[in-house]
Amino acid sequence: MEPPVAQAEEQVPDIVEPVGPDQTPTVPVAMPGSVAGPKAVASDTVITGVVSVFHRDASMLFDPGSTYSYVSSYFSRYLDMPRDSLDIPIHASTPIGYSTIVNRVYRSCVVTIGSYETKVDLLLLSMVDFEVILGTDWLSPYHIILDCHTKTVTLAMSGLPRLVWRGLLGHTPSRVISYFKAQRIVEKGCLAYLSFVREVSVDTLTVESVPVVREF
């Protein structure tokens, strides 16, 4: 008899209501300080690791609090495929109320977990902490079981052998916080800040500062 597999408590994401042609739906996405957001406290309730996307390693966050899956602007340059425009743009919202409009998508991206090749649509999002976020649009069809304690991701698809993939162990980097934990903190009345940081001490290059090999 197969031993029971620990399964993370199922979190049901917000339902996106039908909208008219001039309306933009808003969906939650875990933003671990990604869209110029604040650095968050440490959390052991998320699973991160390095996963192959189109046979190229990408830093990954598995997040049941995110309705869709996302790819960073930086990593998207390695996707050798065209991107499409969404028929209806969406607002990707963070637990602290910050939102950004997402209107580009890479269709049927190949994500390799162990020996299994899976596919997912990745929305283009400006973020810095991770290169890819896999949300419920990937977790659900592949019957994914997340065990945050052991940091394992189990593919439990019917008719196929179970595959268990292990993420990074140890303490999660301080910049990572789950969507639901951040939401609970804000609901309790804790203050949330959105900061933009710009380096102003770097000297601006001038034409005279560029080395000249030969003057004509």
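**Description of the pairing of strand E2 (residues 47–53)**
Here's step 1: Of all the 7 residues making up E2, 6 are buried; the element is thus mostly covered by neighbouring parts of the structure.
Here's step 2: The antiparallel hairpin formed by E2 and strand E3 (residues 56–62) contains 2 residues in its connecting segment, where Phe54 sits at a positive phi of about 55°.
Here's step 3: Taken together, the 2 bridges between E2 and strand E6 (residues 99–113) define a ladder with antiparallel strand orientation. Paired with Ser52 across the two strands is Thr112, which belongs to E6.

**So, the pattern of salt bridges**
Here's step 1: Tallying each qualifying case throughout the model produces 2 salt bridges.
Here's step 2: Of the charged contacts, one joins Arg107 and Asp84 as a salt bridge, the two residues approaching to 3.6 Å between their closest N and O atoms. Here Asp84 lies in strand E5 (residues 84–93) and Arg107 lies in strand E6, a separation of 23 residues in the sequence.
Here's step 3: Owing to a relative accessible area of 36%, Arg107 belongs among the partly exposed residues under this scheme.
Here's step 4: Salt-bridge contacts for Asp121 lead to Arg107; the nearest nitrogen and oxygen are separated by 3.3 Å. One end of the pair, Asp121, is in strand E7 (residues 116–125); the other, Arg107, is in strand E6, with 14 residues separating them in the sequence.
Here's step 5: What you see here is one network of salt bridges that share partners, running through Asp84, Arg107 and Asp121.

**Some points on the side chain of Thr118**
Here's step 1: Within the secondary structure layout, Thr118 lies in strand E7.
Here's step 2: Reaching out from Thr118, the side chain makes a polar contact with the backbone oxygen of Val111 at a distance of 2.8 Å.
Here's step 3: At a separation of 2.9 Å, a polar atom in the side chain of Thr118 contacts the side chain of Trp138.
Here's step 4: For Thr118, the contacting residues outside a window of four places in its chain are Cys109, Val110, Val111, Trp138, Tyr142 and Leu155.

**Things to note about the packing of aromatic side chains**
Each aromatic ring pair is summarised here by two numbers: the centre-to-centre distance and the angle between the ring planes.
Here's step 1: A full pass over the atoms with the stated rule returns 5 aromatic pairs.
Here's step 2: The interplanar angle of 50° and the centroid separation of 5.3 Å between the aromatic rings of Phe62 and Trp165 together place this pair among those described as tilted. Taken together, the residues span a long stretch of sequence, with Phe62 in strand E3 and Trp165 in strand E11 (residues 163–166) at a distance of 103 residues.
Here's step 3: Ring centres of Phe75 and Tyr78 lie 5.9 Å apart, and the angle between their planes is 65°; this geometry places the pair in the edge-to-face category.
Here's step 4: What makes Phe75 buried here is its relative accessible area of 1%.

**What about unusual backbone geometry?**
Here's step 1: Unlike most non-glycine residues, Ser108 shows phi in positive territory, near 50°.
Here's step 2: If you trace the backbone, Ser108 turns up in strand E6.
Here's step 3: Looking at Ser108, the relative accessible area reads 39%, which means it is partly exposed.
Here's step 4: Its identity as a non-glycine residue notwithstanding, Lys151 has a phi of 60°, on the positive side.
Here's step 5: As for its placement among the helices and strands, Lys151 is situated in the loop between strand E9 (144–147) and strand E10 (152–155).

**Description of the confidence of the model for the protein**
Do not read the predicted coordinates in detail wherever pLDDT is low.
Here's step 1: Counting all residues, the mean pLDDT for the protein is 74, and 59% of those residues have values of 70 or more.
Here's step 2: When mean pLDDT is taken per element in the protein, helix H2 (residues 136–139) scores highest with 96 and strand E1 (residues 26–28) scores lowest with 55.
Here's step 3: Counting contacts from residues 1–22, a segment whose pLDDT is below 50, to residues more than four positions away or on other chains yields 19 contacts.

**Comments concerning the side chain of Glu131**
Here's step 1: Note that Glu131 resides in the loop between E7 and strand E8 (132–134).
Here's step 2: Buried within the structure, Glu131 lacks any salt-bridge partner; its nearest side chain of opposite charge belongs to Arg56, at an N-O separation of 6.8 Å.
Here's step 3: Not counting residues within four places of it along the chain, the set of residues in contact with Glu131 comprises Asp57, Ala58, Ser59, Tyr70, Val71, Ser72, Tyr74 and Phe75.

Reading the values: rules and limits
- Residues numbered from 1 in each chain as written.
- Predicted model: local features only at pLDDT ≥ 70, side-chain atom pairs only at ≥ 80, totals over all residues.
- Heavy atoms only, no water.
- Buried < 20%, exposed > 50% of the residue type's maximum accessible area, 1.4 Å probe, protein only.
- Helix = DSSP H or I, 4+ residues; strand = E, 2+ residues; numbered from the N terminus.
- Pairing = 2+ DSSP bridges.
- Salt bridge = Lys/Arg side-chain N within 4 Å of Asp/Glu carboxyl O.
- Polar contact = N/O pair within 3.5 Å; in protein donor to acceptor, adjacent residues only side chain to side chain.
- Contact = heavy atoms within 4.5 Å.
- Phe/Tyr/Trp six-rings, centres within 6.5 Å; stacked < 30°, edge-to-face > 60°.
- pLDDT = per-residue confidence, 0-100.
- Lys, Arg positive; Asp, Glu negative; His and termini not counted.

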